[in-house]
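# Commentary on secondary and tertiary structure
Single-letter residue listing:
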Amino acid sequence: MIYALYVFNRKFSCVYYCEWNRPEPSDPEKLAARHKLISGMLYSLKQFCVKIAVEQDPNDKTELHCYRTGAYKLHVYEAATGMRFVLMTDPQAPDMNGALCTLYQTDFVDYVAKNPLYNPAGDTINCDLFSAAVQRLVRGHPNFRS
Amino acid sequence: MAASKDKDKAKIGEAAWARMDKVNSELLSLTYGALVAQLLRDAPSPEEASAQLERMGYNIGVRLVEEFLARSGARAAGPCRDVAETAETVAKVAFKMFLGVSATVASASAEHREFSVAFDENPLAEFAELPEALAGGARLQYSNVLCGVIRGALEMLQLRVECRFVRDVLAGADTNEIRVVVKEFMADDKPPDAE
């Protein structure tokens, strides 16, 4: 089951959000608070992962992949530019990093980064082609509903 | 070890170039030429036009870097660990991938804070010729957009640099050389309210 997709830019503001399979849509106020919590968590956990690594090389493969709780699993894909793609699924879902990687490497690069109306300095992504690609990817995923 | 790594970079660059969609290089150089000519007419001075080109390049660079990361295949080779490796990647992978030219790293400084990217062919300036008034004293940096692209792209990767043309075939030099000076290794951004 896929619950939500977040895209954060390098400044940790949430530039894209979409949710699925929820009994009712999230309250916008709670949503803003949740965005803040997730971005704060991403930052702290990244620091943590680097500090705790056995080999003290900051460039080593210390990046956060996913974490799992009893209620959900959170997958993260981070590009070197600081764009972060976060997917929330049920705890039994398989590894989703491949899907997030595809989303970044094809859809984000083609429809957002190359879109002249998108401002990399911190705009929300407001692009129909990207949204359509997200829907296609998520709804077409074998784990979308199960 | 170092030599084999350089060869790897060249190979990655070749492969990336082969995967890229191509545009006609004459179309590119003529369009770019028209753009520079128009800027010269609009800007109060050739120096100002050069600065404007650099700013345009910067805005290209901050976007282009995403495509570079996604499509170059450099990610598989691992992140760049130092400025020397960054320099190799810019010259051998990025220049090949986006311009189709083979560039080399020249005269890197011992402290790894500066390097030059040298390339003989410049697709932007293929048909260009500078009049004496503009070439003298390097008043117009015809291909300054490239400096901007490098600055914009590296800034997104936490490396603040300054770039300028130190040798330009258009100004009578035997090769093109862009000098890149590292100003700052930027810290990661923090969330707005992080303690």
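That block above? That's the structure.
Residues numbered from 1 in each chain as written. Chains lettered and ligands numbered in written order. Predicted model: local features only at pLDDT ≥ 70, side-chain atom pairs only at ≥ 80, totals over all residues. Heavy atoms only, no water.

### Some remarks on the packing of aromatic side chains
- For the structure shown, the criterion picks out 13 aromatic pairs over all chains.
- When the centroid spacing of 5.6 Å and the interplanar angle of 90° are considered together, the rings of phenylalanine 12 of chain A and tyrosine 43 of chain A count as edge-to-face. Of the two residues, phenylalanine 12 of chain A sits in the loop between strand E1 (2-8) and strand E2 (14-19) while tyrosine 43 of chain A sits in helix H1 (residues 28-52), which places them 31 residues apart along the sequence.
- The exposure class assigned to phenylalanine 12 of chain A is buried, which follows from its relative accessible area of 4%.
- Considering the side-chain rings of phenylalanine 95 of chain B and phenylalanine 119 of chain B, the 5.1 Å spacing of their centres and the 50° angle between planes classify their relative orientation as tilted. With phenylalanine 95 of chain B in helix H4 (residues 83-99) and phenylalanine 119 of chain B in strand E2 (residues 114-119), the pair connects residues that are 24 residues apart, well separated along the chain.
- Assessed through its relative accessible area of 6%, phenylalanine 95 of chain B is described here as buried.
- Here the aromatic cluster, defined as three or more aromatic residues joined through ring pairs, consists of Tyr16, Tyr77, Phe85, Tyr104, Phe108, Tyr118 and Phe130 of chain A. (Phe/Tyr/Trp six-rings, centres within 6.5 Å; stacked < 30°, edge-to-face > 60°. Helix = DSSP H or I, 4+ residues; strand = E, 2+ residues; numbered from the N terminus. Buried < 20%, exposed > 50% of the residue type's maximum accessible area, 1.4 Å probe, protein only.)

### Overview of the layout of surface pockets
- In this model, the second largest pocket occupies a volume close to 220 Å³.
- Lining of the second largest pocket is provided by 13 residues; of these, Arg10, Lys11 and Ala121 of chain A together with Tyr58 and Met156 of chain B occupy positions nearest its centre.
- Elements represented by at least two residues in the lining of the second largest pocket include exactly helix H3 (46-71) and helix H6 (144-156) of chain B.
- The biggest single contributor to the lining of the second largest pocket is H3 of chain B, with three residues. (1 Å grid on protein atoms, 1.4 Å probe; cavity = no way out; pocket = protein on both sides within 12 Å on 5 of 7 lines; lining within 4 Å. Points joined across faces, edges and corners; volume = space filled by probe spheres on them.)

### Some remarks on the interface of chain A and chain B
- With 31 residues of chain A at the contact, the number on the chain B side is 23 residues.
- Of the roughly 2200 Å² buried at the junction of chain A and chain B (both faces included), carbon and sulfur atoms supply 47%.
- Taken together, the links from chain A to chain B amount to four salt bridges.
- Across the salt bridge formed by arginine 71 of chain B and aspartate 110 of chain A, the nearest N and O atoms sit 3.3 Å from each other. (Contact = heavy atoms within 4.5 Å. Buried area = accessible area lost by both parts, 1.4 Å probe. Salt bridge = Lys/Arg side-chain N within 4 Å of Asp/Glu carboxyl O.)

### Side note on the pattern of salt bridges
Residue and element names in this part refer to chain B.
- Within this structure, the stated rule accounts for 20 salt bridges over all chains.
- For arginine 55, the salt bridge is made with glutamate 48, and the minimal N-O distance between the two is 3.4 Å.
- On the basis of relative accessible area, glutamate 48 is assigned to the partly exposed category, the value being 31%.
- When the shortest N-O distance is used, the salt bridge between glutamate 67 and arginine 71 registers 3.5 Å. Linking glutamate 67 with arginine 71, this pair stays in helix H3, spanning four residues, or about one helical turn.

### Regarding the environment of leucine 157 of chain B
- Tracing the sequence through the fold places leucine 157 of chain B in the loop between H6 and strand E3 (159-167).
- Along the primary structure leucine 157 of chain B and leucine 39 of chain B are separated by 118 residues, whereas in three dimensions their C-alpha atoms are 30 Å apart.
- Every residue in contact with leucine 157 of chain B, bar those within four places of it in the chain, is listed here: Ala80 and Thr81 of chain A together with Val65 and Leu69 of chain B.

### Examining the environment of valine 166 of chain B
All names here are of chain B.
- Mapped onto the elements of the fold, valine 166 is located in strand E3.
- By relative accessible area, valine 166 is classed as partly exposed at 36%.
- Through-space distance from the C-alpha of valine 166 to that of arginine 113 is 17 Å; in sequence the pair is 53 residues apart.
- Apart from the residues lying within four places of it in its own chain, the contact partners of valine 166 are Glu177 and Arg179.

### Quick look at a negative patch on the surface
- A surface patch of negative charge is lined by Glu26, Asp120, Glu121 and Glu126 of chain B.
- Mapped onto the secondary structure, aspartate 120 of chain B falls in the loop between E2 and helix H5 (132-135). (Patch = residues over 30% accessible without salt bridge, like charges linked within 9 Å, V, L, I, M, F, W, Y side chains within 5 Å. Areas by Shrake-Rupley, 256 points an atom, 1.4 Å probe, with all protein chains shown as cover. Lys, Arg positive; Asp, Glu negative; His and termini not counted. Charge placed at Lys NZ, Arg CZ, Asp CG, Glu CD.)

### Observations regarding the packing of H3 of chain B against H6 of chain B
Residues and elements named next belong to chain B.
- Orientation of H3 relative to H6, taken along the N-to-C sense of each, is 40°, at an axis distance of 6 Å. The pairing of H3 with H6 is recorded here as oblique in orientation. For H3 against H6, the interelement crossing comes out right-handed. For the pair formed by H3 and H6, the contact residues are Ser50, Ala51, Leu53, Glu54, Met56, Gly57, Tyr58, Ile60, Gly61, Val62, Leu64 and Val65 on the first element and Asn144, Val145, Cys147, Gly148, Val149, Arg151, Gly152, Ala153, Glu155 and Met156 on the second.
- For the contact of H3 with H6, a count of residues per class yields 13 nonpolar, six polar and three charged. (Axes fitted to C-alpha atoms, helices over the stretch in contact; angles between N-to-C directions. Parallel < 35°, antiparallel > 145°, perpendicular 65-115°, else oblique. Left-handed = near helix turned anticlockwise from the far one by under 90°. Nonpolar A, V, L, I, M, F, W, Y, C, P; charged D, E, K, R; others polar.)

### Remarks on the sheet that holds E3 of chain B
Residues and elements named next belong to chain B.
- The strand order across the open sheet formed by four strands is E1-E2-E4-E3, and the pairing between neighbours is antiparallel. Both outer strands of the open sheet, strand E1 (104-106) and E3, are each paired with one neighbouring strand and no more. The mean angle between the axes of side-by-side strands here comes to 30°, regardless of whether they run parallel or antiparallel.
- In this sheet, strand E4 (residues 176-185) lies alongside E3 in antiparallel orientation, the contact comprising eight bridges. In the sheet register, valine 161 faces E4, and the bridge partner there is valine 182.
- The sheet strands contacting H4 are E1, E2, E3 and E4, and the helix crosses E2 at an angle near 20°. (Pairing = 2+ DSSP bridges.)

### Examining the nonpolar core
- Core analysis: the largest hydrophobic core is formed by 37 residues, its most contacted members being Phe95, Val117, Phe119, Tyr142, Leu146, Ile150 and Ile178 of chain B.
- Residue assignment for this core shows that the elements contributing at least two residues are helix H2 (25-42), H3, H4, E2, H5, H6, E3 and E4 of chain B.
- The biggest single contributor to this core is H4 of chain B, with six residues.
- With near-sequence residues (within four places) excluded, tyrosine 142 of chain B lies in contact with Tyr32, Gly33, Val36, Leu53, Leu124, Ala125, Ala128, Leu130, Asp168 and Leu170 of chain B.
- By size, the runner-up hydrophobic cluster in this structure holds 34 residues, among which are Leu5, Phe85 and Tyr118 of chain A together with Val62 of chain B. (Core = buried A, V, L, I, M, F, W, Y, C linked by side-chain atoms within 4.5 Å.)

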